[in-house]
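# Observations on the three-dimensional arrangement
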Amino acid sequence: MKAVVKSVNWLAAAVLVVAVGMAWLQPIHFFGNPDWASPVVQLAMVLGLLVMTMAGRQVLKQLSSRQYRWLLIGLVGLIAIVQILIATSFVDVARADPFFVRQQALLLARGSHHWQHYFMIYPNNVNFTLLVANLLKPLLKLTQTPWVLLNVIRFIWIDTGLISGLYLLNRWRYWQPGAVSFSLLWLVSVPVAAFGLFAYTDALVLPLLPDSLALLTLGLSLTGWRRWGVLIGDGLLVAVGVVMKTNLIVLWLTLVLMGIILWWQRQFSGRQMLGWLVSLVMTLGVMFAVMRTAQQQAGYTRQADANCGGQAPTDPANDSAAVTSDGRYGDPRTFTQKDAGLLGDWRF
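Note that the structure is predicted; figures quoted are calculated from it, not measured. (Residues numbered from 1 in each chain as written. Predicted model: local features only at pLDDT ≥ 70, side-chain atom pairs only at ≥ 80, totals over all residues. Heavy atoms only, no water.)

## Observations concerning the overall build of the chain
Quick reminder of the rule: Note on conventions: DSSP H or I runs of at least 4 residues are helices, E runs of at least 2 residues are strands, and numbering of each starts at the N terminus. When accessible area is computed with a 1.4 Å probe and restricted to protein chains, residues below 20% of their type maximum are described as buried, those above 50% as exposed, and intermediate ones as partly exposed. The protein chains shown are the only cover counted for residues, whose accessible areas, like all others here, come from Shrake-Rupley with a 1.4 Å probe.
Each helix and strand counted, the chain has 16 helices and two strands in total. Taking all 348 residues of the chain together, 37% fall into the buried category. Surface summary for the chain: the accessible area is close to 20,400 Å², and the carbon and sulfur share equals 68%.

## Brief notes about the nonpolar core
What counts, and what does not: In these notes, a set of buried Ala, Val, Leu, Ile, Met, Phe, Trp, Tyr and Cys residues joined through side-chain atoms within 4.5 Å is what counts as a nonpolar core. In this description, contact between two residues means that some pair of their heavy atoms is separated by no more than 4.5 Å.
Counting residues in each nonpolar core, the largest one holds 49 residues, and the members touching the most others are Trp115, Phe119, Leu130, Leu136, Trp252 and Trp276. For this core, the element with the highest residue contribution is helix H6 (residues 126–142), accounting for eight residues. When near neighbours in sequence (up to four residues on either side) are disregarded, Trp252 contacts Val238, Val242, Leu280, Val281 and Leu284. Ranked by size, the runner-up nonpolar core spans 13 residues in total, among them Ile158, Ala179, Val180 and Trp186.

## With respect to the packing of aromatic side chains
Operational definition: Between the rings of Phe, Tyr and Trp (Trp by its six-membered ring), a pair exists once the centres lie within 6.5 Å; its type follows the angle of the planes, with under 30 degrees stacked, over 60 edge-to-face, and the other angles tilted. Two conditions define a charge sitting above a ring: the NZ of Lys or the CZ of Arg must be within 6 Å of the ring centre, and it must be within 35 degrees of the ring normal.
By the definition in use, this model includes eleven aromatic pairs. Arranged with centres 5.0 Å apart and planes meeting at 65°, the rings of Trp115 and Tyr300 form a pair that is edge-to-face. Here Tyr300 lies in the loop between helix H15 (270–297) and strand S1 (322–323) and Trp115 lies in the loop between helix H4 (97–109) and helix H5 (118–121), a separation of 185 residues in the sequence. Relative to Tyr122, the ring of Tyr118 lies with its centre 5.1 Å away and its plane at 40°, an arrangement referred to as tilted. Clustering of aromatic rings is evident, with ring pairs tying together Phe99, Phe100, Trp115, Tyr118, Phe119, Tyr122 and Tyr300. Across from the ring centre of Trp147, 4.2 Å away, lies the NZ or CZ of Arg102, which sits over that ring.

## Notes on the side chain of Thr129
With respect to the helices, strands and loops of the structure, Thr129 is situated in helix H6. Beyond its immediate sequence surroundings of up to four residues, Thr129 is in contact with Val101, Gln104, Ala105, Leu108, Trp115 and Phe119.

## Section: the packing of helix H3 (residues 65–89) against helix H9 (residues 175–188)
A pair of packed helices is characterised by two quantities: the angle between their axes and the separation of those axes. Let me state the cut-off plainly: Here, axes are lines fitted to C-alpha atoms. For helices the fit covers the stretch in contact, and angles between N-to-C directions go from 0 to 180 degrees. In this scheme, roughly parallel covers angles under 35 degrees and roughly antiparallel covers those over 145, while 65 to 115 is roughly perpendicular and the rest are oblique. A crossing counts as left-handed when the near helix is turned anticlockwise from the far one by less than a right angle, and as right-handed when that turn is clockwise. Under the convention adopted here, Pro, Cys and the residues Ala, Val, Leu, Ile, Met, Phe, Trp and Tyr are nonpolar, Asp, Glu, Lys and Arg are charged, and Gly plus all remaining residues are polar.
Running from amino to carboxyl end, H3 crosses H9 at an angle of 15°, the nearest separation of the two axes being 10 Å. Accordingly, the angle class assigned to the pair H3 and H9 is roughly parallel. Here the hand of the crossing between H3 and H9 comes out left-handed. Within the contact between the two elements, H3 uses Tyr68, Leu71, Leu72, Leu75, Val76, Leu78, Ile79, Val82 and Gln83 and H9 uses Trp175, Gln176, Pro177, Gly178, Ala179, Val180, Ser183, Leu184, Trp186 and Leu187. Here the residues of the contact of H3 with H9 sort into 15 nonpolar, four polar and no charged.

Structure follows, in structure tokens:
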């Protein structure tokens, strides 16, 4: 098994090297951006970053456990401060798909069962819209402009990936210097900051891979009912991701393969592997059934002729119709102050 894993790692490294080499050797205008740095500048920057990384690793290795712990605590605190500043300073403009999700979620949170025609054509966003609507219901009781609170909730959820990553580094004995390096990468990561503001499914699925892997690792370290409780929770978490974004069926299939590999490595007996596979299928089936019931209760029915006729409101940037405070569609230029507060700022 180790030989197989080693071969896969070398194959992945080879593919990555080829991809990086091709990207670096292409002409400057290959990416359609005349401001793209030249290959010489890119190479110099990569070499400089590698030198700084290696030097930083040596410094971190020389720190005592106490110094390293306080450095990590300070870095995690800085991450929290930066994310709070970002969450309270910006509101997503909600164009394209997020625009329809936000409008429909507001309607549902206010008790309406009318669905925009957009969701008859794109039913893949229905489950996520229901999730956002259920988050908005209690938030609208606190404030009529809940978008900042939603930003904070998204950042908290995304940061479960940071916690899971630190747990895995500790279990795999890469804590020093891995924990600080990973936290620093999390601090400067553009996707983490962007998805924390982006009102769409990306923020929901971003931490699922490290979260799932952390739960799997934790479950394998336990015994008895605790083990199966954690493993079933892992399957349930991935099932939620699948019903929200069907592309994550790949992650669900990965868990299936992991069960087979664990049986091959004799960490699972045949009966345990069968129980693992049955639990994955059952949790996925339960989540689809729950969301189908939720759709029916919210009044959603996909029409057979949804792709023919009808017209969905378009992007607000194109001067479209948008939902008003009483659940109607209207011109954004005629919004009341209450309407504007509900939909959030139109500017980033």
